[in-house]
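# Observations on chain architecture
What follows is each chain in one-letter form.
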Amino acid sequence: MSKSGRRAIAASLTGGDEVAVSNDASDLKAGAQAATGAKLSALFAGTMGPLIGLVLLCLALTLTTDTFLTVRNILNVLDQITVLGIMAIGMTLVILIGGIDLSVGSVLALAAMVMGFVAHPDYLNLGMPAGIVAALVVAGLCGLVSGLLVTVTKLPPFIATLAMMSVARGLGNMITDGSQIVGFPDWFTSLSITRHFGFLSVTVGLMIVLAIIFAIFLNYRATGRSLYAIGGSAEVARLSGIPVKSLTNWVYAICGVLAGLAGIVLAARLDSVQPSSGLGYELDTIAAVVIGGASLSGGVGSIGGTAVGVLIIGVLRNGLNLLGVSPFIQQVVIGVVIALAVATDTWRRRAQ
Amino acid sequence: MSPDPRQTESPHNGLFVSGLCKSYGPVQVLADASFEVRPGEVVALLGENGAGKSTVSNIIAGSTKPDAGAITWRGKPYSPASPAAAIDAGVGMIHQELKLLPDLSVAENVYVGRLPMRGGRIDRAAMNAQASAQLKRLGLDVSPERKVRTLRIAAQQQVEIAKALTLNAELLIFDEPTAALGGEETELLFKQIRKLKAEGMSFIYISHRLDEIAEIADRVVVMRDGRIVARHERADIPVRTVVEQMVGRSVERMFPQLSPPGDQTLLEVENLSSPERSFNNVSFSVRAGEILGIAGLIGAGRTELVRAIAGADPISSGSVRVAGKPVHLNGPAAAIKAGVVLVPEDRKAQGVVLDQTIGENLAFGNFDHVAPKGWVFPKAVQKFAEAGISRLGVKGKPNQAVSKLSGGNQQKVIIAKWVPRPPKVFILDEPTRGIDVGARAAIYDVIADLARSGMAVVVVSSDLEEVLGLSHRVLVLSRGRQRGILDRSEASNVAVMELATS
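Residues numbered from 1 in each chain as written. Chains lettered and ligands numbered in written order. Predicted model: local features only at pLDDT ≥ 70, side-chain atom pairs only at ≥ 80, totals over all residues.

Recorded in UniProt for chain B, the comment headed Subcellular location (unreviewed entry) runs: "Cell membrane". Recorded under Sequence similarities (unreviewed entry), the UniProt text for chain B is reproduced unchanged: "Belongs to the ABC transporter superfamily." (UniProt positions renumbered as here; feature names shortened; annotations may be inferred.)

Moving on, we come to the sheet that holds strand E17 (residues 325–326) of chain B. Residues and elements named next belong to chain B. The four strands are arranged E14-E13-E16-E17 in an open sheet whose pairing can be described as antiparallel. The open sheet has two edge strands, strand E14 (282–287) and E17, and neither has a second partner. One ladder, built from five bridges, connects strand E13 (residues 265–273) with strand E16 (residues 317–322); its direction is antiparallel. By the bridge assignment, Leu267 is partnered in E16 with Val322. (Pairing = 2+ DSSP bridges. Helix = DSSP H or I, 4+ residues; strand = E, 2+ residues; numbered from the N terminus.)

In this section: the packing of helix H14 (residues 378–392) of chain B against helix H15 (residues 407–418) of chain B. All names here are of chain B. Look at H14 against H15: their axes get within 9 Å of each other, and the N-to-C directions meet at 120 degrees. With respect to their mutual orientation, H14 and H15 come out oblique. The interaxial crossing formed by H14 with H15 has right-handed handedness. Touching Gly388, Ile389, Arg391 and Leu392 of H14 are Lys412, Ile415 and Ala416, all from H15. Counted by class, the contact of H14 with H15 contains four nonpolar, one polar and two charged residues. (Axes fitted to C-alpha atoms, helices over the stretch in contact; angles between N-to-C directions. Parallel < 35°, antiparallel > 145°, perpendicular 65-115°, else oblique. Left-handed = near helix turned anticlockwise from the far one by under 90°. Contact = placed C-beta atoms within 7 Å. Nonpolar A, V, L, I, M, F, W, Y, C, P; charged D, E, K, R; others polar.)

What follows is about helix H4 (residues 48–64) of chain A. Structurally, the α-helix is built with 3.6 residues per turn, so residues lying three or four positions apart point the same way. Residue and element names in this part refer to chain A. Across its 17 residues, H4 extends 24 Å between first and last C-alpha, which sits within 8% of the 24 Å expected from 1.5 Å per residue. For H4, the complete set of buried residues consists of Pro50, Gly53, Leu54 and Leu61. Within H4, the buried residues cover an arc of 100 degrees as seen down the axis, which keeps them to one side. Summarising the geometry of H4, the exposed residues directed more than 90 degrees from the buried face are Ile52, Val55, Leu56, Leu59 and Leu63. (Expected span 1.5 Å × (residues − 1). Buried ≥ 20, exposed ≤ 12 C-beta atoms within 10 Å, placed from the backbone. Arc of directions from axis to C-beta.)

Our focus in this paragraph is the pairing of strand E12 (residues 227–232) of chain B. All names here are of chain B. Both strand E11 (residues 219–224) and E12 contribute to a ladder of five bridges, which runs antiparallel. Within the sheet, the bridge partner assigned to Val222 lies in E12 and is Ala230. Hairpin remark: E11 followed by E12, antiparallel, with two residues in the connecting loop; positive phi at Asp225, about 50 degrees.

Quick look at the domain arrangement of chain B now. Residue and element names in this part refer to chain B. The assigned domain composition of chain B is domain 1 (5–247), domain 2 (252–339 + 423–502) and domain 3 (353–420). The C-alpha centroid of domain 3 is placed 25 Å from the C-alpha centroid of domain 2. Within the side of domain 2 that touches domain 3, the residues separate by chemical class into eight nonpolar, one polar and one charged. (Domains from an automatic or database assignment.)

This part takes up the sheet that holds strand E6 (residues 91–94) of chain B. Residue and element names in this part refer to chain B. Pairing is mixed across the open sheet formed by six strands, whose spatial order is E6-E9-E10-E3-E11-E12. Pairing within the sheet leaves two strands with one partner each, and these edge strands are E6 and E12. Taken over all neighbouring pairs, the strand axes of this sheet differ in orientation by 20 degrees on average, direction set aside. Pairing of strand E3 (residues 42–46) with E11 involves four bridges; the strand directions are parallel. Across the sheet, the residue bridging to Leu45 is Val221, located in E11. Relative to E6, helix H5 (residues 153–166) is tilted by about 175 degrees, and along the sheet it contacts E6 and strand E9 (171–175). Contacts from helix H8 (residues 239–247) reach E3, E11 and E12, with the element oriented near 30 degrees to E11.

Grouped together as the largest cluster of nonpolar side chains are 183 residues, with contacts concentrated most on Met87(A), Ala111(A) and Ile427(B). Take this core: its biggest share by element is 17 residues, from helix H13 (residues 244–270) of chain A. If near-sequence neighbours (up to four positions away) are discounted, Ala111(A) is found in contact with Ala135(A), Val138(A), Ala139(A), Ala259(A), Gly260(A), Gly263(A) and Ile264(A). Ranked by size, the runner-up nonpolar core spans 66 residues in total, among them Val56(B), Ile87(B), Ile213(B) and Ile228(B). (Core = buried A, V, L, I, M, F, W, Y, C linked by C-beta atoms within 7 Å.)

Let us look at the UniProt feature "domain: ABC transporter" (unreviewed entry) in chain B. Under the feature "domain: ABC transporter" (unreviewed entry), the UniProt entry names residues 15–250 and 264–499 of chain B. From the first C-alpha to the last, residues 264–499 of chain B spans 28 Å; its make-up is 37% helix and 23% strand.

Okay, unusual backbone geometry next. The omega torsion of the bond from Arg421(B) to Pro422(B) falls at -20 degrees, within 30 degrees of zero and hence cis. Turning to its location among the elements, Pro422(B) is positioned in the loop between H15 and strand E19 (425–429). In this model, Lys154(A) sits at a positive phi of 60 degrees, which is unusual for a non-glycine residue. Of note, Lys154(A) is situated in the loop between helix H7 (128–151) and helix H8 (157–176). Given 8 C-beta atoms within 10 Å, Lys154(A) falls into the exposed group. One non-glycine residue with positive phi stands out, namely Asn281(B), at about 50 degrees. Relative to the elements of secondary structure, Asn281(B) occurs in the loop between E13 and E14. Looking at Asn281(B), the number of C-beta atoms within 10 Å reads 13, which means it is partly exposed.

A few words now on the pairing of E6(B). Residues and elements named next belong to chain B. By the alternation rule, side chains of E6 split into Val91 and Met93 and Gly92 and Ile94, which are all buried. Examined bridge by bridge, E6 and E9 share four bridges and lie parallel to one another. Paired with Val91 across the strands is Leu171, a residue of E9.

Residues and elements named next belong to chain A. Between helix H14 (residues 281–291) and helix H15 (residues 303–322), whose axes approach to 7 Å, the crossing angle comes to 120 degrees. By the angle class used here, H14 and H15 are oblique. The hand of the H14/H15 crossing is right-handed. Contacts between H14 and H15 involve Asp284, Ala287, Ala288, Val289 and Ile291 from the first element and Thr306, Gly309, Val310, Ile312 and Ile313 from the second. Broken down by class, the residue content of the contact of H14 with H15 amounts to seven nonpolar, two polar and one charged.

Counting residues at the interface gives 20 residues for chain A and 23 residues for chain B. Mapped by element, the contributors of at least two residues to the side of chain A that touches chain B are helix H11 (222–232) and helix H12 (234–239) of chain A. At seven residues, the largest contribution of residues to the side of chain A that touches chain B is made by H11(A). Grouping the constituent residues of the side of chain A that touches chain B by class yields nine nonpolar, seven polar and four charged.

This is how it looks when you write it as structure tokens:
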């Protein structure tokens, strides 16, 4: 993102009131910069550790490879993290309220299969828009069912979404009896390929816009702040008059919709859908959110932190590929990073 | 069993604490603390929260290390490196928040970490028999195989004591043992302490309930700001003297002057019953400006009753009207909208989100005020929080985490959360539990102010003196039934207790 673009976002976050009071041009600039600094630090509050880690990681890769710090590679990284990034936004909400969603990988696959089934000429052939809508509705319903299992049936979120993980995977396989659906319209696949303004594909743009919308939602909307109350203590939130059950249902439903959206993005990238896609994505997603400083016990976390967490995983994968490290060793490294990130966070909290 | 003190060469064979100091960063929490505990006596350690009582106890119990000073225990230098080392030396501590494993049996809890083994397997028969013997010694009739979760708090505490006894503890530190106990249960605990005392055990007894001290303690040590400010050789000293020593100033009055209530009836409760029968057919009304106290033993249904009125728990029958209008009690949100707010019994679990700031905690109940169109801006939260903080006299800043506040200030934050609405009916359940004496008076003033400003106030408390001192009328519950409503003029210790135990 450009510097002025960042500032524009920062100004929009503050409603621009801090910069509007001054007439003097230099004051205005200084005010805008101060506001940018303050807002950025607020956005990344509690995520300084992961942010430093990300910067060090980028620095190390810049020094050890010729190819890391090139426009092409950075755009590559952004393309590679879109699916993870979109899912991680939903997961952040779920983890914030003290829940967990193990079903996102399966819901991603089910949504993609529904889209293929509804849209593809070999099947229902109702067109891409209908396919996309159907996919998002099905994904949202999956999330809602998980939410209802938690709020009405009182299942622990781990169990409720573990069940949904299995059900959604099974349904995804049932649609085509396990086979993949290949070939979508060019305009659809180009969503993830064509780089508008020379750098921004629609899918990457979508991820960034969603991140900004949800960051604003969590920081500045009463409902967003209420999620922090629910995660901090559901009983305190309930006694404060916050509608804990309905918000919980909404959060799981939104997490489902975002998983479905990630499935559509993945379909655009691969020009195909298969019921086995997204295997194990739930763990990557949870890892990204946790690396970003969120607490699995709820009440702590932010979209800014999650963005850093997603970038750390994306950059790490990319960098290890550039260095020619085997994918098996990559798994080990990512495991170590998860442990390190959470351990440093815990140490820091204890030191305070 | 400790030997007869007269047979030893030192003055006695108990605990000598001398010159203990402890600082956390620049804050000195303990300065030159010295006192002694003789074998077979109960020493009451009194002081406000933050006076250093917990630090002293934690040092003696091995969970904190002092910066300077020395302890002698049973004639030998004593500096436990860990709670386990303290236990090995015969020093145990019963914490205010009990440290039991709720899903294990009573016997397993008593013997956790040293389960009796036979041939590589747990010898359950021996374990249950031994645990049973210890429980009998305490006069407790509970099956050793019962899960601790199913026991009441008082019985759970007995399990902790039984555990300490099987560890051969000769010095037991009690931190606020009676905070969660009713009158009968407190009596039972005292009986046990006296019995163990006669066997030669020593006790350090920390409590905020000063009326208990004369009954159970032999000597009194008063702390303030990390120092020991008074040592009394006997325990039957006037409460007022002790309070003055604790707060370092003379206490004018504990309870504020009450203003006469108004005419309008704000809260009408009719034939209210709970699905679990924890209260039955309760009917009362509270006028504007009136404070109604609800008294009763633990388990009488007081908390259940007020939680139901505040929409927190379901009811099976009956009705609640606020300012004449019926309230549909289907959740806290509806009750809050109708003007009924609750300051719940368990401050930390139900009242505040500890890890979040004062500002956030205040905003959580007031998004309709702080965020008119759903937009929450830090500045608005800050302003709202500052208003609440100054109105209630909270010692803290809007962006400070609530966990860093004292109990009294946390309680003020919860009250401050509701004041701006303003509510019509203000219910406070155990408003001063675990709060030190100086801060209690401030809470009482706040409650009297709420009534003065025209709200109907309901106060539930296990502290009888508090109910009597604070209420225009007192409703007494016993085993879920309403035993009577006493007017201030006729409500006395004896009158209330008679109804409560009926």
